[in-house]
Structures are given as C-alpha cells and as structure tokens.
2 protein chains.
Amino acid sequence: MTKPGVCYVGVDLGGTSLRALAVDDENKILGIKKVRTLRTGGPGRLIHRIATLVESTLRDAGVSRSQVRAVSVGAPGPIDRARGIVEEAPNLGWKRVPLRSELRQLLRVPVFVENDVNVGLVGEHALGAGRGAKNLVGIFVGTGIGGALILDGKLYEGSRGGAGEIGHTVLMVDGPLCGCGRRGCAEALASRTAMERDVRAAIKTGRKSIVLKIMKKKRKERMTSSIIAAALKKNDPVMREVMSRAEFHLGILASNAVNLLDPECVVFGGGIAERLKDSFVDPIRETAFEYFLRPSDRDRVRIVPGRLGDNAGALGAIVLAKQRLM
Amino acid sequence: MTKPGVCYVGVDLGGTSLRALAVDDENKILGIKKVRTLRTGGPGRLIHRIATLVESTLRDAGVSRSQVRAVSVGAPGPIDRARGIVEEAPNLGWKRVPLRSELRQLLRVPVFVENDVNVGLVGEHALGAGRGAKNLVGIFVGTGIGGALILDGKLYEGSRGGAGEIGHTVLMVDGPLCGCGRRGCAEALASRTAMERDVRAAIKTGRKSIVLKIMKKKRKERMTSSIIAAALKKNDPVMREVMSRAEFHLGILASNAVNLLDPECVVFGGGIAERLKDSFVDPIRETAFEYFLRPSDRDRVRIVPGRLGDNAGALGAIVLAKQRLM
C-alpha cells in the first residue's frame, strides 16, 4: 500500500527516547514510532538507530523513500543549524556531532537539524496550544528548564541562535545553586531536578513522604514526572509543598516574560506539564496574574499547557523544515 | 536665512524638561531648544507649550513650516500609537490625552506620538551606541527602570504595544516593595528611587553620609543624578555602597535579558548613565559577564552606556517618524 504525495519525517531525539513521526503535506500523521535512545556505541551508532527508525516508520506508513521531502531532527543542546551540527548535548554524550551530513548519507534525503526546545514550541504554535499567537513564549520544565520564543509570528533565535534560555533567568539573587554554576536561576528553583533536591532535603529533616517509596517500587533512581504524579495523587504533603513552591516560581518566571515581551500566550511544555496538564499550570497562572504589570493582561494573555504532548517536537521539526524548504 | 530641503522635528516630552530638535533629511541637527515642562494649567496648556517650542526651534534653525515633514513626540507612559493618545502619564498628570490630534491642529503638520523609552533606544540604535546591532536591549535607569527592545533590526512592541517592561522583572522573590505593588522588581532594587530609599535608610541607622548635605546645598528634594555624581566624587561611603549594590542588580538584569534574547548589545540610558557613563556601566558589565550562561558571550555582547545623551529620545522619535512615513 504505497500512498501518493509527499511525506515529511520529524524526529525527536531525546535523552531517553527517540521518536519518529511521518506526516503528509497537510500534517496528517501517517505513522509514529518510538524506541529507546541507546547511548552505548557513540554518536555513529545512535545516528544509525535514527536512520533505522525513520525507515521503519516510513515502511509502516506505507511511504516510499522517494516520497520523502525532508527528515527534520529536533536535537538537544546548542545547534549549528547552518551546518547541521549538534554542538554539545551532555544528555547524549555528544560534542560537535555532524548529525545532518551523517544522517543524509544514510538516508539520501534532505536533513534538517533544529534545537529540541525550539521545535517543541514551533509545534505548539503551528498545531497546538499556541495556535494563532503572533507572540508566544514557551517554557519547558524537565530535568532543566528550557525556553523558546515565537516573535512576530516566527521563531526568534537571537543573534547567534542562542535565544530562549529562560531557565537561567535569575529570580532569586543568592538563591539555590544552579547546574550552570550560578545561584537563583529559575532552573535551580523549579525544574524537576530542583524539586527532587527539595523533596530529599525535606525527608532528611524528618518530614514524612512516600516519594522515595514510590521511586523504589517503580525502580526509578530519579524523581520522574510519573513519580511526581503518583505522589501528588496520594496527596503526599512534601510533594505538594515542593510542587507548589516550584509553581510559584514558574508563575513569576512567566510574568517576567510577559512584562518584557507582551505576548498573547505562554505555553508550558515538558514532562510534568504533559502529565499533569491544567493541575500543573493553574497555580502557575494564578501567580503570574498577580505579578503582571498590566492588570488587563489577565484577560489577554493565555497561560496554558501544551496540547501536542510527546508529538510537539517531531511535528515542530517538520513545520520548521517546511518553512526552510520554502 | 531659509534652508532648502525637508525638516523633521523630534520632541522629548519629559516630566521635568521639554526638548525639541530639528534635523534635515540626513539627520543633521539644524537646531535644539529646551524649556522646562510646566504642569500647571493641564494638558492643553502643555500641548500649547510644545507647539510654541517647535515653532521657535524652527525659527532659530531658519526652517519654514512648509519644510516640515513631521513632528514626532516621545511621551512617557503607554501610548495608543495608532490614535496618538497618551494613555497614562503620572509624571505629567495626564490620562488619555489626544496629543496627536491637538498638536496637529496647532501646528498643521503630521504628528507622531511614540513611547519615550522606545524612541530612546531607536535613537541609540540608528545613530548612537547600538549602531549596527540586529538585536539590542535598552535599559533606562531613572526614577524608574524602563526598557525597550530592537529585535531583528526593528523596534519590538509586543502584541499590544506593551513590550519592554524590563524594570518589572522580579530579581528577588520577596525583595523590597516596588512602586507597582509587587516585591523584588529590578526597579525596586536599582532605580534612582530605590537608591535614595537605601541611602536614607543607611543614614537613619547612623551611617555617615554627605548625600543629604549635598541635596540641601543644591536645593534638591530628591537624590537626582547630579547629587549621586557629586556624592560619588567625594567618595561618600554610603553612596558608593548603595550604587554598587544597584549596579550588581542591573548586571543580573542585563544578563537575564542576554540569556533570553541573545542580543549583540545592551545599552544603558537614562540620567545616571548619561552622567556617569563608563564608571556606571563597567561594574554592571562585570556582573553581567559572570552571569552569562554562554561564556563566549563575553566576547560577543557589548554592554555600554548610551552615546546620544539628552538627544537620544528626540532623535529616535524622528527616526521612527521617518520609518512610519516610508
């Protein structure tokens, strides 16, 4: 069953999973496949794995290689987009990996490499929660806090492609130490890593919490989004307290961005937002509204969770590839 | 002596002074005049004063009314630019004043009304310290802290013309109270008003300082930029300490903006920057460099005082008017 017309493949290259998505010219999804990201064997091995995943996605979707107009990969870390090089991705153990040229050699189709956070927001802007917004801020909460900006209708990348590092907005001078070496960044106050640090610290002071028990039961070393969701569901007081503090700081972070950039919409993405949706974003919105400089922004600025879930990145990568091809 | 060619007039409508500047098509300055802003008599009286100032500037420059292509006013507060209305300017005691239509009736030339902070940065971008930057952040430190953004080469105004409120970036959750009613905004930490509060508080605790003496001698009720400069010159320990804390917070503010927006340049304007220039901005730059997420930005991002001084606003208003007329 070979389908007519053209096809685009988006790939979301994450630290834990690798996801490919094939769509037609109208962004109708033709196929989705997901495998685990294997880091053993170096970049070459992982790039082969990406190529294999793309091919099997095409096969399942009944699309031939000749129908593929482009494969577009959302990859972590700073990207040299012009050359398709992943500059540095600690999550993958990559440093200056020429992803585009290697993948192009394997697949023999045009390949684009984009930043994973950027494609996430472009996806939500084109097809999800940020639809129709001229100016849009994306805040992605995970092990770190990433950000991206759509300004005047298009992805804003800054002077050297580095724009969007909203996680390293200092919100609390002399606050807790951040992974970047500075203190008081949003990432050090409200990322999943910061929340885990605070939960563990509370337990150490003798507070009762079921978080560690859930982690043990689920055989997780880290406090993942699913652990957080399970602990909140059981009304764990430490988890609730830590989450509510993180949401407070995210509310201030969103409000800082709204006061500076005057957007119509702030989209929260990443694992926690995908899992908890409105119950995560509602308290963030409440704080942001309190901190808006312009009270009328309360009626005008939407603060919402992403709508595309796991597909945001791969879809956004495709949308960007289409724009680049135009 | 009537000069040939066209002429543009920029007006800087400030809370204390009113400045008009006439230039030719190449932005060569033909004349400058300045008077005090009188607030008695309401908006009508002040608008008449603006018209009179424009006329006398033209007369002194030897330019006839028929040569004037536009008068462009940089006014404080939020502006309804499409209608030329000053929405709210507490400094002037104005609320929803139709400045454009009234001034047009008096002068019978096209009139533009722009936000004073925006025109300040547009001036520095076109003709001053921010020349050639594709992406540029302006931070204006005075009684408050204003901000403006040039992104992708042009003034970024946001979805409703409200972009740039960088002074209301929360840098210190639960920090000192801000004029906006919230806590820990940059404005509450590093504006002239915040510095005066801190100097007075230090004196109240028994610290020795000559600031109040200088104010008395100069017959100033407020700690103006000239008072600050005089106290620093005399090496007043309280003033030095307060200034250095303000500069530290401004460094973090600049770095937050650089991490988010990846600009080539941050320009500091406003009274203090105009007066103290590099001795004000050097310590700000030092802190910003420490807080940059990308160490390479230290070689790439310029953090500098404005170069146009008092003329930035009027010149920027003219530059914007020329763009609007195109």
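Right, let's walk through the structure included here. If you're wondering where the values come from, they're calculated on a predicted model, not measured in any experiment.

## Section: the overall build of chain A
For chain A, the helix and strand inventory stands at 12 helices and 13 strands. Its C-alpha atoms give chain A a radius of gyration of 20 Å, near enough to 20 Å, the size a compact globule of 326 residues would have. Overall size of chain A, expressed as C-alpha extent along the three principal axes, is 60 × 45 × 35 Å. Within chain A, the fraction of its 326 residues that count as buried is 58%. Within chain A, residue pairs in contact and separated by at least 24 positions form 62% of the contacts whose partners lie at least 6 positions apart. Put simply, chain A shows about 14000 Å² of open surface, and 49% of that area lies on carbon and sulfur atoms. Averaging the coordinates of the 52 positive side-chain charges in chain A and doing the same for the 34 negative ones gives two points 7 Å apart.

## What about the relation of the copies chain A and chain B?
Turning chain A through 180 degrees and shifting it by 0.0 Å along the axis lays it on chain B, with an RMSD of 0.0 Å. The two molecules are tied by a two-fold rotation axis, judged by turn and shift. Most of the interface of chain A is mirrored in chain B, where 100% of its interface residues again form contacts.

## Overview of the sheet that holds strand 9 (residues 136-141) of chain A
In sheet architecture, strand pairing relies on hydrogen bonds along the backbone and comes in two forms, parallel and antiparallel. All names here are of chain A. The strand order 11-10-9-12-13 describes an open sheet built from five strands, whose pairing is mixed. Two strands in the sheet have a free side with no partner beyond their single neighbour: strand 11 (154-156) and strand 13 (302-305). Averaged over all pairs of adjacent strands, the angle between strand axes in this sheet comes to 25 degrees, irrespective of strand direction. The sheet contact formed by strand 9 and strand 12 (residues 265-269) spans five bridges and is parallel. Bridge pairing links Gly 138 to Val 267 in strand 12. The sheet contacts of helix 10 (residues 278-291) involve strand 9, strand 12 and strand 13, and relative to strand 13 the element is tilted by about 160 degrees.

## What to know about the interface of chain A and chain B
In this complex, chain A contributes 44 residues to the contact, which on the side of chain B involves 44 residues. In total, chain A and chain B occlude about 3700 Å² of area from one another, counting both sides; carbon and sulfur atoms represent 54% of this. Looking only at chain A, the three residues that lose the most surface to chain B are Arg 160, Arg 182 and Leu 260 of chain A, adding up to 20% of its buried area. At the boundary of chain A and chain B, one finds six salt bridges. Notably, a salt bridge pairs Asp 152 of chain B with Lys 154 of chain A, separated by 3.9 Å at the nearest N-O pair. Across the contact surface, chain A and chain B share 36 residue pairs in polar contact (both at pLDDT 80 or more). Those elements that place two or more of their residues in the side of chain A that touches chain B are strand 10 (145-151), strand 11, helix 8 (237-261), helix 10 and helix 11 (297-300) of chain A. Top element by residues in the side of chain A that touches chain B is helix 8 of chain A. It accounts for seven residues. Across the side of chain A that touches chain B, the residue classes tally to 19 nonpolar, 11 polar and 14 charged.

## Considering a positive patch on the surface
Together, Arg 36, Lys 213, Lys 217, Lys 218, Lys 220, Lys 233, Lys 234 and Arg 275 of chain A line one region of the surface with positive charge. Structurally, Lys 217 of chain A can be placed in helix 6 (residues 211-217).

## Details of helix 10 (residues 278-291) of chain B
Taking 1.5 Å as the rise per residue, helix 10 of chain B with 14 residues should run 20 Å; its terminal C-alpha atoms sit 19 Å apart, in good agreement. Those residues of helix 10 of chain B hidden inside the fold are in contact with strand 9 (136-141), helix 8 (237-261), strand 12 (265-269), helix 9 (271-276), helix 11 (297-300) and strand 13 (302-305) of chain B.

## What about the packing of helix 7 (residues 225-233) of chain B against helix 8 of chain B?
Residues and elements named next belong to chain B. Contact geometry of helix 7 with helix 8 gives a least axis separation of 8 Å together with a crossing angle of 115 degrees. Handedness of the crossing formed by helix 7 with helix 8: left-handed. Contacts between helix 7 and helix 8 involve Ile 228, Ala 231 and Leu 232 on the former and, on the latter, Met 239, Arg 240 and Met 243. Residue classes in the contact of helix 7 with helix 8 are distributed as five nonpolar, no polar and one charged.

Rules behind the numbers
Residues numbered from 1 in each chain as written. Chains lettered and ligands numbered in written order. Predicted model: local features only at pLDDT ≥ 70, side-chain atom pairs only at ≥ 80, totals over all residues. Heavy atoms only, no water. Helix = DSSP H or I, 4+ residues; strand = E, 2+ residues; numbered from the N terminus. Rg over C-alpha atoms; globule rule 2.2 N^0.38 Å. Buried < 20%, exposed > 50% of the residue type's maximum accessible area, 1.4 Å probe, protein only. Contact = heavy atoms within 4.5 Å. Areas by Shrake-Rupley, 256 points an atom, 1.4 Å probe, with all protein chains shown as cover. Lys, Arg positive; Asp, Glu negative; His and termini not counted. Charge placed at Lys NZ, Arg CZ, Asp CG, Glu CD. Least-squares fit on C-alpha atoms with pLDDT ≥ 70 in both. Pairing = 2+ DSSP bridges. Axes fitted to C-alpha atoms, helices over the stretch in contact; angles between N-to-C directions. Buried area = accessible area lost by both parts, 1.4 Å probe. Salt bridge = Lys/Arg side-chain N within 4 Å of Asp/Glu carboxyl O. Polar contact = N/O pair within 3.5 Å; in protein donor to acceptor, adjacent residues only side chain to side chain. Nonpolar A, V, L, I, M, F, W, Y, C, P; charged D, E, K, R; others polar. Patch = residues over 30% accessible without salt bridge, like charges linked within 9 Å, V, L, I, M, F, W, Y side chains within 5 Å. Expected span 1.5 Å × (residues − 1). Left-handed = near helix turned anticlockwise from the far one by under 90°.

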